[in-house]
Structure formats: C-alpha cells, structure tokens
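# Architecture at a glance
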Amino acid sequence: MDTTNLVQAMVSGLLLGLPYGLIAMGLSIIWGVMNIVNFAHGEFLMVSMYITLGLYTFWHFSPVMSIPVSAVILFGTGWLVYRYIVSKVMSGPMLAQVVVTFGLSAFLQGLFLFLFTGNYRTVKVSGILSQSTNIHGVYVSYPQVIASLITIVVTLFLSWFMKNTMTGRAIMATEIDRETAKLMGIDTEKVNALSFGIGLACVGIAGAILSSYYYISPYVGLLFGLMSFVIVALGGFGSITGAVIAAIIIGEVESLGGVLVGPAYKYALVFSLYLIVIFIKPRGFFGW
Amino acid sequence: MSKGKRVLGLVVALSLVLFALYGVAFATKVIKVGAVYPLTGDIAPTGKLCKEGVELAVDIINGKYDLDLIMARTEGIPSLGGAKIKIIFADSQGSPRTGMAEAERLITSEHVVAMVGGYQSAVVKTASYAAERLKIPYVLSDATSPALTRRGFKYFFRVNPDDVISARNFFEFVQDMEKKFNRKLRRVALLYENTEWGSKVAAQQRKWAKEFGFKIVADIPYYHGATDVTSEVLKLKSSKPDVLMHAPYVSDAILFTKTFKKLNFNVPLWMGMSGYLDPNYIKSVGKDGEYVVVRSTFNPDLARIKPLIGKVNELYKKKYGRDMSGIAARSFNAPLVLADAINRAGSLDPDAIRKVLLETDIPGDKILMAWKGVKFNKIHQNIYARYILVQIQGGKYHTVWPWNVASTKVVFPVPAWNKR
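Bear in mind that the values here come from a model prediction, so they are computed numbers and not experimental data.

All names here are of chain B. In terms of domains, chain B is made up of domain 1 (31-161 + 305-386) and domain 2 (164-296 + 389-419). Taking only C-alpha atoms into account, the centre of domain 1 sits 28 Å from that of domain 2. Each partner contributes residues to the interface: domain 1 has 25 residues there, and domain 2 has 22 residues. For the pair domain 1 and domain 2, the summed buried area comes to about 1,700 Å², and 60% of that belongs to carbon and sulfur atoms. At the surface where domain 1 touches domain 2, the tally comes to one salt bridge. Across the salt bridge formed by E196 and K125, the nearest N and O atoms sit 2.9 Å from each other. On the surface where domain 1 and domain 2 come into contact, there are six residue pairs in polar contact (both at pLDDT 80 or more). Taken together, the elements giving at least two residues each to the side of domain 1 that touches domain 2 come down to α2 (44-62), α4 (121-133) and α11 (326-345). Per-class residue counts for the side of domain 1 that touches domain 2 are eleven nonpolar, eight polar and six charged.

Written out as structure tokens, the structure is:
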C-alpha cells in the first residue's frame, strides 16, 4: 500500500465522516432532549433528498441553493410530526415510542415508493459541484468538500446557539433535567417540538448537499440511519460536537480500515468499534 | 326495515351469489402460477423489469399472436380447454427469508400449480427450497448462481445460462480481445457483491482464470447496500488491473461508477453484469457509464439476425413505452417454457409437469433468445443457453461479442476519465 493511497483513504474518510456527522447531530439532539429513538431519521434524509430533486427538476435549483428551502421544510415537518404524532406517545410506554417512529419510517418508505417508484434518480449537477481536483495524486471532490464545510459551519452555529441564546439554554436545561426545567418555567412541550424541528433541519441540510453526489431512492436512508445511530451512541447522547467527532472516527475506520484490513471487513470494523466503546464507556465519549 | 334498505340488501345478496358462481365457473379456466420478485427494497426497480417481462409473456400465452414463438398462436393452454395462465406476484423485499415465506404462502394458500422467476439467486435458493419441499415445479430464467441447479432438486429447472457459462464466456472474450488488439490483458480484478450471487460468480471466475492462465490481482467482495466504496476502489487502483470484472446490483453499480470517476480509477477493459443492464443505471450515471461491456442474453439490435426479437420488442414498447431490457427479456422465458410444458402434459399434476419438462426440446426459432433452443440436462440446466456481450455506447447497449453476432465494433481501451 503506497503513501498516496493511504493519504487518499484518510482524506476520503474525513470527507465521508463529516456529512455523517451532520445527519447524526440531528438524531443526537432529538435523542438527548426527548429520550426518543427516531427510527425514521434516515427516511427524513430521503425526504429531503426528494425535495432537492423536486426543486432541481422544476426550478433548476442547484443542491446548494436548496439547502435553506429543504432545511425550513424539514424544520416545519419536524415541528408538526412532534405536535401531532410523537407528543401523543411521549407519556406512553417505551414500546409505543419505539413503534411510532418505526411505523413512520415504514410509512415514508412505502409512500415514496408509491409516489416516485423505486427507480434510482440523481440530480444532474454542473459547475463546481461536478468537479474534483487532484493534489499530488490525491483526489478530492468539491461537493464532498462543500458538504464537509457546511457540517462544520452548522456545528459551530448550533454549539453557539445552545450556549448563548435563551432558547438554546432552555433546550440544554430540558436535556439535563426535564422536571426541574419545567419547574423553572420552561415550556418543555415547545422545547420538544423545537428540538425535533432542529433535528430534522440538520437532516434537511445534509440531504440537500448529499443529493449532489449520491443517488436518490426510497430506501437510501436505511444505512445512513443505521450509521447515525452508531455515531450518536459513540459520541454521546445529546452531544453535538461528540456526534461530529464520532462521525469523523467512523468515516476514518470505514475508509482507512477498509484499505488496511480489507474492504469486506469495513462495516464489521465500524460495528466492533461501537461494541468496544459501549463496553468501556456506555454513555459515549461526550455523553452526560 | 325500509324499502330502500331491503332492495339494497337484495342487490348485495344477488351480487354475492353471482360473484360466487362466477368464481366457480372461472376457477376451471384459470391456472395460477406464482412469482416472487423484489418489488420493494433497493433492488425494486430491477424487480419491476422482471415483472414486466413475465407479464408480456403471459399476454402472449393467453392471447393470439402471429409470432413464431411457443404458445403464441393459440389462446391459453389448448390441451386444457384454453385455460388462461394467471401470475400471482409476491414481494420478496429482496430478502431470502421473506422470499421463502412468500413462496410458501403462494403455494399453500393461493394454490399456485408452479413457480417462475425470482431474480436474486439468494432468494431463488430459499423460494425454490419451499417449492421443492411442497412438490411444486419451479421454472427459473432469471437467476444465475450455479449452485441452484446443483442441489439435486427434482422440480427445479433453469432456462437461462448460469455463472459457470458466464465466467467462461468472460475469459473467452478477454482472450479474443487480446488477439484482436494484440495486447496482453492478463491482470484481472474481481469485484462482487457478497451474497449468494456475487460470491458464486467470483468463485467461478477464479476457477476459469486459472484454467485460462490469467492472474487475479484483486479479489474484492462488498456489501451491496454500502454508502461509500472508497476503500474498495483504492484497493482496485493499487492492484493496477488490465481487466475489471464486476458483479453488482443496480445501486452499487451506480455508486462504484461515481467513485471510479471521483478517484480517477482507469481500467482498459471494464466488464460488468446484472446491475449495469438495468436501464436505471444509464439514466443515473449518464455519460460516465460509457464503454462498460456487460453480459446479457438479449439485446434489441439482435433483431437484425433474429426478426422475432424485433417483433417482441415492438409489443413490449407498445405496452411499457421503452425498449425491452436484457433483464425483462430473461424473465420472459420461464412462463413460456412452463406453459408449453403444462400444455404438453395436459394436466396440472406436478409430477406430470415435471415429466414433460424433462422431455422439453424446443427449437431455437421458437424462443426469444438467440440460442439453439431449450433442452435440460440431468441437473435441469438448459444446455443451449449462452451469453452475448453488449457495450454501452452513446447511452445504449450494442451487441459486440461473439464477433459473428456483433452489431457494433467494441471500443477499446476505455478512455481515461480526464480524456472523456
């Protein structure tokens, strides 16, 4: 294995990991605040990819331009999904909470299969989004670089937002201790809806940018969803920076591990790492 | 009870009686056949193509068509009073477990008399196991794992060529290319999805590479639902192959093509199968899919040497609005071969159908494919089945091999990504 390929694997791992982080961040916020496992997380990613495809097909929006639109639509979706579906089972048994998002995921897959068939689609990008550059034999594709930069920007923004705004602090307070937060006059129902919205907005951003280099189908969310579960468990429930760092680690293990140990074992490596971490530190690297 | 309600009740009762009578009268005239395909899940687009092929075949069996094809000129099954074939489709979701459960359901509660299709070898393996256990004939024409016909099953028959034939054909082609272009192409890379189908393809390729004296420089299995295949492509790149032989389903064919381009992986001869033959592939990757050489059993441009292909393609186009793909054409065969057997048996008894299937000897001009015919050997594999190779040029598949049926010259070597 020559050095160029090794460096390539590391760079690819980073560019693969960061966008994973954006998806996982959303899951982490929802999980942290509500203690709800959003099994439909990957499916919401799929929805945002179809939104991007729609904006492209009808109005020739490039994926970068559809980021704000997709984020806003997914934020609204998250708010509504919480208000009218998830909040109904919040006080119910754990199983009901699991089943509700699981059912939602099956429903979304079925709905999109019905509406758009199972065909694979891609957004035909042009300009910088279709190019890659070669730095001393290491290939870097611009859309992945853009996706990674956006992840960093969103991470910084959310970290700032959580610490420095009243709303952010309310979310953090609810995350740490719901009952006390309530006693302090925080409207936790509103915080829940807001967190669900923010969580899905992250996925909205990720889906839009992912569409520029990934295919779109009703089942595209499956593995992305699974990966984000592992990342959140690794990074710590509710931690935003934890999710990003864990995502980079996962990206590197997948890419570098694939090259060094053998591609056939890359997912085995990822999931073994997960098992090891939950043995040693069940709450993840940065969990409460 | 008001008068209106009474009338309504009467109408409902009457229609129920009529419906029941209709069912009784109809039951004798319909022969149910089961088919399990991936109609949801990540392989669903391909499953839909298979289904279309089967549906067209059933149209031809049940209707009257002026085609030189078995069962075309008669309506239904003549020896059973013109009974119509009806296919009951079930969804395997691409999973062997669901495929088996659905096959069992079709046989035990839908009472199908036979099974066709399946597409994925892993699913066919379990579904046909259920059929064998319940003693129901299974005619396959769209899955290729050699293991399927090597289990000693009594009721299982395969019309299409398997991966033993495919692997041999691939290496014969590479040898032919070496002669034609006077260039050594000995370094071969194997890349394959890691379920029943892909791994058995690779096993055969390893065997034939040895036989023909080729060197395997990379041997890479992968999970076909992967989100990223960078490490696989980097492995390929560092092995510097002359020939790439890739066995993907459609989603991974798309992902690999994009990653090849992204990481600038160039290979002089790029060969593929299955996923590359799905029209979704060309639609998704556009120009990046140019020059892939894909194995197929059918291509519309073969109409030049076999006019029947053109006629069936026209029917398909009329029904579905696009050219018949190699995938649909392959699935098209099993219902015809089965209907022909039921007709000759003149009975729906599984053993009677099995007996005549063994005696099948359909001449080449009575089938869609450009083969010498259909005849089963002792493991129930059609001995006349073989492959052709097509190359993607200008966004379409063109037959390039064997040389004597080629419609277009093969483009070689594949130009590097930066020279396209």
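There is more to say, and it comes next.
Looking now at the sheet that holds strand β13 (residues 388-393) of chain B. Residues and elements named next belong to chain B. With respect to topology, seven strands assemble into an open sheet ordered β7-β6-β8-β9-β10-β13-β14, the strand pairing being mixed. Each end of this open sheet is capped by a strand with a single partner; those strands are β7 (215-222) and β14 (396-401). Taking the axes of each pair of neighbouring strands and ignoring which way they run, one obtains an average angle of 25° across the sheet. In terms of strand pairing, strand β8 (residues 243-247) meets strand β9 (residues 269-272) through four bridges, oriented parallel. Directly across from V243, in β9, lies its bridge partner L269. Each of β6 (187-193), β7, β8 and β10 (293-296) touches helix α6 (residues 196-212); the most contacted strand, β6, lies at about 160° to it. Packing of helix α7 (residues 230-239) onto the sheet brings it into contact with β6, β7 and β8, and relative to β7 it is tilted by some 180°.

A separate point is the pairing of β7(B). Residues and elements named next belong to chain B. Judged from the seven bridges that link them, β6 and β7 form a sheet pairing that is parallel. Looking at β7, one finds that E193 is bridged to Y222. Running through α6, the crossover from β6 to the neighbouring parallel element β7 is right-handed.

Tracing the sequence through the fold places B:T40 in the loop between β1 (30-37) and α2. Assessed through its relative accessible area of 21%, B:T40 is described here as partly exposed. Separated by 53 residues in the primary sequence, B:T40 and B:Q93 place their C-alpha atoms 5.1 Å from one another. Sequence-distant contacts of B:T40, that is, excluding residues within four places in its chain, are made with A:L113, A:Y219, B:D91, B:Q93 and B:G94. Within the structure, the side chain of B:T40 is placed 2.7 Å from the side chain of B:D91, a separation counted as a polar contact.

Rules of the game
- Residues numbered from 1 in each chain as written.
- Chains lettered and ligands numbered in written order.
- Predicted model: local features only at pLDDT ≥ 70, side-chain atom pairs only at ≥ 80, totals over all residues.
- Heavy atoms only, no water.
- Domains from an automatic or database assignment.
- Contact = heavy atoms within 4.5 Å.
- Buried area = accessible area lost by both parts, 1.4 Å probe.
- Salt bridge = Lys/Arg side-chain N within 4 Å of Asp/Glu carboxyl O.
- Polar contact = N/O pair within 3.5 Å; in protein donor to acceptor, adjacent residues only side chain to side chain.
- Helix = DSSP H or I, 4+ residues; strand = E, 2+ residues; numbered from the N terminus.
- Nonpolar A, V, L, I, M, F, W, Y, C, P; charged D, E, K, R; others polar.
- Pairing = 2+ DSSP bridges.
- Axes fitted to C-alpha atoms, helices over the stretch in contact; angles between N-to-C directions.
- Right-handed = clockwise from strand over helix to strand, strands pointing away.
- Buried < 20%, exposed > 50% of the residue type's maximum accessible area, 1.4 Å probe, protein only.

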